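Structure at a glance
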Amino acid sequence: GYTLSKYPALHETERIIVVDLYDPFHLETLELIERRNLPPEQASTLIEHSVAVLNEQLLAGDFFICASERQRDLWLGALGTLGRLAPATYRRDPTLRTLIDVVPFGLPPEPPALTQKVLKGVVPGIAPDDIVLLWGGGIWEWLDPLTVIHAMARLKQSRPDIKLFFLGQHHPNPTEVGPMAMYQQAINLATEHGLLNQTVFFNSRWVEYDQRHNYLLEADIGISAHIEHIETRFAFRTRLLDYMWAGLPMIVSAGDTLADRVADWNLGRVVAIGDVAAWTAAILDLAAQRR
């Protein structure tokens, strides 16, 4: 993130600096610029700032961690162009694991336990015996809630008992990250199809981290969908780890590291990006198994 740029005094420390590169936010910035159709000068300034903030960290860090081998390849390239792959470093360790290694997000050691009813029979329109699809996080510009909503429109008449609940909305720190246009687009599409507060629901508040388990445990299927772009290839969507923690089968878009794990470990269904028919079929398939 932007920690080093916000606290430049860290440059003066004699302590070892470990930099967490889990989030390649310059790639998110590219999609944000594209979707907001920013003027060229503003777009250039924004991406140049993101890259400068990253380069500052890459030059200052003593050791780096990232979330996947795919991310490690990305950051090795960046470190190399900044001259961080020095002969002395290579001589000590030709694998360069002592410079940058993979430390993925983990899972809590204890399984979650329901402490409060929050969805079924609580949210108006979601009955106790409904099947709930949980979108377990915010709606960002580089994600794709629209394909899932189109799938829900196809299921509106035949399976009104299948409900889609978006757990997050805007960023929890709105002063740092403004509203995402994709959030409003999702609401507009649900409204257009007559699904809003019928089979598609948007949470009105940000859920505290230590309360998220209640939503996970009441849901039947976890979902995550994204768009085809470079951010997808290097993303590590931690909401999928929450689904694993809660034992939720999931439906996810193909293309990122964790989607490969879902397929390899038979944790649910992986569908082609933007494929409404595939999403519809996957929802029906997993919903039938949850009965």
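We now turn to the structure provided with this report. Only a predicted model underlies this, so the values are computations on that prediction, with no experimental measurement involved.

All right, on to the packing of helix α6 (residues 145–155) against helix α7 (residues 181–192) then. Between α6 and α7, the shortest axis-to-axis distance is 9 Å and the interhelical angle comes to 10°. The orientation of α6 with respect to α7, classified from their angle, is roughly parallel. Contacts from Pro145, Leu146, Ile149 and His150 in α6 reach Met182, Gln185, Ala186, Leu189 and Ala190 in α7. Of the residues contributing to the contact of α6 with α7, the split by class is seven nonpolar, two polar and no charged.

Here Glu34 lies in helix α2 (residues 25–36). A relative accessible area of 59% places Glu34 in the exposed class. Counting along the chain gives 108 residues from Glu34 to Trp142, while the straight-line C-alpha distance between them is 9.8 Å.

Read from one edge of the open sheet, six strands run β6-β5-β4-β7-β8-β9, paired in parallel fashion. At either margin of the open sheet sits one strand with a lone partner, and together these are β6 (200–202) and β9 (268–271). Pairwise comparison of adjacent strand axes, ignoring direction, gives a mean angle of 20° for this sheet. Together, β4 (131–135), β5 (162–166), β6 and β7 (221–224) form the strand contacts of α6, whose direction differs from that of β5 by roughly 160°.

What follows is about the packing of aromatic side chains. Inspection of every chain in the model, using the stated rule, returns seven aromatic pairs. Between Tyr22 and Phe105, the aromatic rings sit 4.6 Å apart at their centres with planes inclined by 50°, giving tilted as the arrangement. With Tyr22 in the loop between β1 (18–20) and α2 and Phe105 in the loop between β3 (100–102) and β4, this residue pair connects regions lying 83 residues apart in the sequence. Classification of Phe105 by relative accessible area gives partly exposed; the value is 39%. Ring geometry for Tyr183 and Phe202: centres 6.1 Å apart, planes at 85°, overall edge-to-face. On the criterion of sequence distance, the pair formed by Tyr183 in helix α7 and Phe202 in strand β6 is long-range, its members being 19 residues apart. For Phe202, a relative accessible area of 15% corresponds to the buried category. Ring pairs connect the aromatic residues Trp135, Phe166, Tyr183 and Phe202, which therefore count as one cluster.

What follows is about the sheet that holds β3. Reading across from one edge, β1-β2-β3 is the order of the three strands in this open sheet, with parallel pairing throughout. Strand pairing shows two members of the sheet lacking a second neighbour, β1 and β3, which therefore form its edges. Ignoring which end each strand starts from, the neighbouring axes of this sheet average 25° apart. Of the strand pairs in this sheet, β1 and strand β2 (residues 63–66) are connected by three bridges, and their pairing is parallel. Opposite Val19, over in β2, you have Phe64 as the bridge partner. Across the sheet, helix α4 (residues 69–81) lies against β2 and β3, angled at about 170° from β3, the strand it touches most.

What counts, and at which threshold
Residues numbered from 1 in each chain as written. Predicted model: local features only at pLDDT ≥ 70, side-chain atom pairs only at ≥ 80, totals over all residues. Heavy atoms only, no water. Axes fitted to C-alpha atoms, helices over the stretch in contact; angles between N-to-C directions. Helix = DSSP H or I, 4+ residues; strand = E, 2+ residues; numbered from the N terminus. Parallel < 35°, antiparallel > 145°, perpendicular 65-115°, else oblique. Contact = heavy atoms within 4.5 Å. Nonpolar A, V, L, I, M, F, W, Y, C, P; charged D, E, K, R; others polar. Buried < 20%, exposed > 50% of the residue type's maximum accessible area, 1.4 Å probe, protein only. Pairing = 2+ DSSP bridges. Phe/Tyr/Trp six-rings, centres within 6.5 Å; stacked < 30°, edge-to-face > 60°.

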